[in-house]
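Listed here are the chains, written in short residue letters.
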Amino acid sequence: MKADVEPRPVAGRSGVAPGEVLLSLEHVSLSFGGVRALRDVSFDIRKGEIRAIIGPNGAGKTSMLNVINGFYHPQEGVITFKGKRRHDMRPYLAASQGIARTFQNVALFKGMSTLDNIMTGRTLKMRRGILAHMLHWGPAQREEIRHREAVERIIDFLEIAHIRKVPVGKLPYGLQKRVELGRALAMEPELLLLDEPMAGMNLEEKQDMSRFILTVKDSFDTTIALIEHDMGVVMDLSDRVVVLDYGRKIADGSPAAVQVDQAVIDAYLGVAH
Amino acid sequence: MTGTSASQTVAPAGDDALDTIPKLLLRNATTHALRPAIRHKDFGIWQTWTWAQLCEEVRALSIGLRKLHLKRGDTVAIIGDNRPRLYATFAAVQCLGAIPVPVYQDSVAEEMAYVLEHAEVKIAVVEDQEQVDKVVSVADRLPQLKKIIYDDPRGLKEYEATNLHAFTDVQGLGREEMHANPGAEGWWLDEIGKGQGADVSVMLYTSGTTGRPKGVMLTHANIVVSARNGNRFDGFGPDDTLLAYLPMAWVGDHLFSYGQAYTAAMCVCCPESPETVVEDRREIGPTYFFAPPRVFENLLTQIMVRMEDAGAIKRRMFHAFLGVARRCGEDILNGKRVGAADRLLYGLGNFLVYAPLRNRMGFSRTRVAYTAGEAIGPELFRFYRALGINLKQLYGQTEASVYITLQPDGEVYSDSVGKPGPDVEIKIADSGEVLFRSPGVFLKYYKNEEATRAAKTPEGWVHTGDAGFFDQRGHLKIIDRAKDVGRLNNGALFAPKYLENRLKFYPEVREAVAFGQGEDFATMLVNIDLISVGNWAERNGVAYASYQELAAHTQVIEMVRARVDEMNKALAQEPQMAASQIRRFLILHKELDADDGELTRTLKVRRSFISERYAPLIKALYDGSRSCHVATEMTFEDGRKGVVEGEVAIIDMAVYPARAPQPLREAAE
């Protein structure tokens, strides 16, 4: 009765083997007028890892994510994704290449149901036109059924079946975060960017979310880059951590190594600059 | 196949031969092969197993379990939410003559360990990672536990334990064996043939209000005969559908969703998840529905809250027609004579209000709904009946394979639990305790001769532990647990549950615990209902961060005070109960919770535990203090503990003079 399928891994779609570099940033600098948000930052994200980006407020973490998904354009530096150097990136291009993200302040369609919100994540995968879908006939219908199935798998995975038809605006914050993760997953991304996935959650919700993130990594064949303030979560979840402070990279390494790094301790405790 | 009418159960001939559940499975797989046996909503779509498919799944699992060395007489734990595969496990285990032991799926690991150890479970079939983790965490104490089988593989990929098997893999073992060995199926049929009515079919651990749970051993004859009697009483047959959503470890679910489903070849539907039950019920429209009063209470609270939020026109229409229903709805359901004008109004109300309401609640097709487990508030009971839902009460126990008394159609009263069920004898002891004897009487408690002797006389009479009496209509009335009925110092009768149930009818009150045994007057601990009061707070702009904060709000206290006052006024009208008016009460700073041991797993109040745990509060209720400081440990769902503390206000109540004794009928009005 129950199809025993875990969320389907789409194996080897990028040709990047696990453990190899999926995305690399070299000497990236970004400024807004006189404000230098990122200064000469270099690091990479390897296929199949959970990469945390941490740092005090205003360190440039969200700017970093915005650079990765093509929302900001760095003035200097080279970004390579899946072995190809990127030029003139736009968010929709990044999305079509397999980069999905969630936002610090949940950005869902409040009036639409959970189901429809997650369905929007499938937009890029829809092949039929608006007209065909309006008529809901033949191939368009079959396509919708196929996508609906994918969405239902995500709903099942994130345990949100009970809110399938509830407008997301009515949902508590923790659930909205989960729906947003669902929408990002619906894109079947190769790289998933999570901007503070646990912000404003209670302990139980954080534990649930951690479990989902770990399962996403394992079962969806997805690489994850996340920004998070809860150090406990970062240290538990991530394989490698990069630390930013005032737009500069000050440390990069395993959670254990970063924790004892003097520059990191100074950044968090505050030292005169 | 479809010709069988709903009122006809199985053909009486051959009933004697069909004395075990596995034999019934074989019969259903032939005579009802293509009819739905079990449905489950998965990925948003209802999926169906026919009886023939169910039989095949059971056979594959059964032979697979045999390959894992499961033998006649072994015990198998079943832990999880209501899922088709877990129901199939019951049958697969029973086919081999082994004994299924369902365990409450929300038990913490410690409670689970006790049952698994006591029942000497050899294999545990569990739902998912959560349950696997719990069983694994106590496995070192369970030397006889050899295998864990899981239904849902999610999150279990990385587990390396060699004694862990996927459900489908075990079925695979069975299918391979059938492929390789043509005699396997015949062997399996022989094993089923060896089963007899007198064999133990299932062991159910009672979530007793005191002490460790006891393993109630029920035979196939207990289950099959009780199920047939139940089916005959209400005319259930293959066209009936029910929703299985109550814990599988509870006797009610075992008898309704398993025993009665197999004997009548009914279709059992499993919800998508515990959170979607209301929506799933609406989609399925069960013809037979069972729920403890709490579920009906929650449903009513939700409806009332939603109506408060509705527009003025809808709200007025709702209340106007509800008035009509209260006036004549129950008489119409009972088939009594009702005036033409009322009939017309009720018809209109049915079209505009009752039918849509029934549909929303999932009762559109419900022929029979039962409630039991606790007394149901009379207003609550009448509300559902007035809407045209045939809600009835029954009284039962695990030790009776459920049925002791039931209300026959047309003889439904809110204050009784009905007449003795088919083949059930009842007598009342001098102490007021109810005793029964029936074909459903359990064999014994597992490894507990002493308890068996205490509960069951050599003649087969079972002590229920409940106090009750037969009224002039021949209906049984239960007042309280026999040991809980006490007296105040002035000698007046004190029945705590009677008081609690009255207060709990108000939507603002979720739980109440009354005290008064050996005291001068009655007092109460109250839990507010977070849904109902929370909604009120939202509408009135009252901000709160936690249950504790809301419970201590002065307006909330005033709201509850008004309810207690109403109750006292009503109690003053009842000669036997007037002395039990509540003099002082307080609102607890935390919700009573099964994880803290304050409620049983079936959500009944554990009175003695609460009176120990909250001794300082109870003392304060009687020593005249205005408030009391309290700190209480609470357990979170994952087993971690925290402390809630605060100052709890104690409220004094006015007491009304008792009305002189009057005829009972009038007093009830």
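Residues numbered from 1 in each chain as written. Chains lettered and ligands numbered in written order. Predicted model: local features only at pLDDT ≥ 70, side-chain atom pairs only at ≥ 80, totals over all residues.

> Where do I start with the overall build of chain B in this structure?
Looking only at helices and strands, chain B has 22 helices and 28 strands in total. Taking the principal axes of its C-alpha atoms as reference, chain B extends roughly 80 × 60 × 55 Å. Taking all 669 residues of chain B together, 46% fall into the buried category. For chain B, the share of sequence-separated contacts (at least 6 apart) that also reach a separation of at least 24 residues comes to 66%. (Helix = DSSP H or I, 4+ residues; strand = E, 2+ residues; numbered from the N terminus. Buried ≥ 20, exposed ≤ 12 C-beta atoms within 10 Å, placed from the backbone. Contact = placed C-beta atoms within 7 Å.)

> I keep staring at unusual backbone geometry and nothing clicks. Help me out?
Among all residues except glycine, the phi angle is most often negative; among peptide bonds, the trans geometry is most common. All names here are of chain A. Backbone geometry at glutamate 196 places phi at a positive 50°, although glycine is not the residue there. One can find glutamate 196 in the loop between β7 (191-195) and α7 (203-219). Judged by the 19 C-beta atoms lying within 10 Å of it, glutamate 196 is partly exposed. Even without a glycine there, the phi angle at tyrosine 246 is positive, about 50°. The residue tyrosine 246 is located in the loop between β9 (240-245) and β10 (248-253) in this model.

> Looking at this structure, I do not really get the domain arrangement of chain B. What am I missing?
Interface extent is often summarised as the accessible area lost during association of the parts. Residue and element names in this part refer to chain B. Looking at chain B, the domain boundaries give domain 1 (46-193), domain 2 (291-481) and domain 3 (486-668). Counting residues at the interface gives 12 residues for domain 2, matched by 15 residues for domain 3. At the level of elements, α11 (293-309), α14 (378-386) and β21 (476-481) are the ones that each hand at least two residues to the side of domain 2 that touches domain 3. Considering each element in turn, the side of domain 2 that touches domain 3 owes the most residues, four residues, to α11. Grouping the amino acids of the side of domain 2 that touches domain 3 by side-chain chemistry returns five nonpolar, three polar and four charged. (Domains from an automatic or database assignment. Nonpolar A, V, L, I, M, F, W, Y, C, P; charged D, E, K, R; others polar.)

> Mind showing me how you'd approach the pairing of strand β18 (residues 433-437) of chain B here?
Two faces belong to every sheet, and in a regular strand the side chains alternate between them. All names here are of chain B. Of the two faces of β18, only one is covered, namely that formed by Val434 and Phe436; the face formed by Glu433, Leu435 and Arg437 stays uncovered. Judged from the four bridges that link them, strand β17 (residues 425-428) and β18 form a sheet pairing that is antiparallel. Bridge pairing in β18 links lysine 427 to leucine 435. Connecting β17 to the next strand, β18, in antiparallel fashion are four residues, including glycine 432 with a positive phi near 95°. Inspection of the sheet shows β18 paired to strand β20 (residues 462-470) by three bridges, in the antiparallel sense. Directly across from phenylalanine 436, in β20, lies its bridge partner valine 462. (Pairing = 2+ DSSP bridges.)

> I'm lost on the packing of helix α1 (residues 21-31) of chain B against helix α3 (residues 84-95) of chain B in this one. Help?
The packing of two helices is summarised by the inter-axis angle and the distance between the axes. Residues and elements named next belong to chain B. Interhelical geometry of α1 versus α3 gives an angle of 115° and a closest axis separation of 8 Å. Classified by the interaxial angle, the pair formed by α1 and α3 is roughly perpendicular. Classified by chirality, the crossing of α3 by α1 is left-handed. Counting all contacts with α1, which are made through Ile21, Pro22 and Leu25, the residues of α3 involved are Ala91, Gln94 and Cys95. Residues belonging to the contact of α1 with α3 are distributed by class as follows: five nonpolar, one polar and no charged. (Axes fitted to C-alpha atoms, helices over the stretch in contact; angles between N-to-C directions. Parallel < 35°, antiparallel > 145°, perpendicular 65-115°, else oblique. Left-handed = near helix turned anticlockwise from the far one by under 90°.)

> Before we go on, may I ask you to explain helix α19 (residues 554-572) of chain B in this structure?
Residues and elements named next belong to chain B. Spanning 19 residues, α19 covers 27 Å between terminal C-alpha atoms, matching the ideal 27 Å at 1.5 Å per step. Turning to α19, its buried residues number three or more, namely Val556, Val560, Val564, Met567 and Leu571. Buried positions in α19, seen along its axis, are confined to an arc of 65° and lie on one side of it. Exposed residues lying more than 90 degrees from the buried face of α19 are Thr554, Gln555, Glu558 and Ala562. If you follow the buried residues of α19, they end up packed against α16 (496-504), β24 (509-515), β25 (522-528), α17 (530-539), α18 (547-551) and β26 (582-587). (Expected span 1.5 Å × (residues − 1). Arc of directions from axis to C-beta.)

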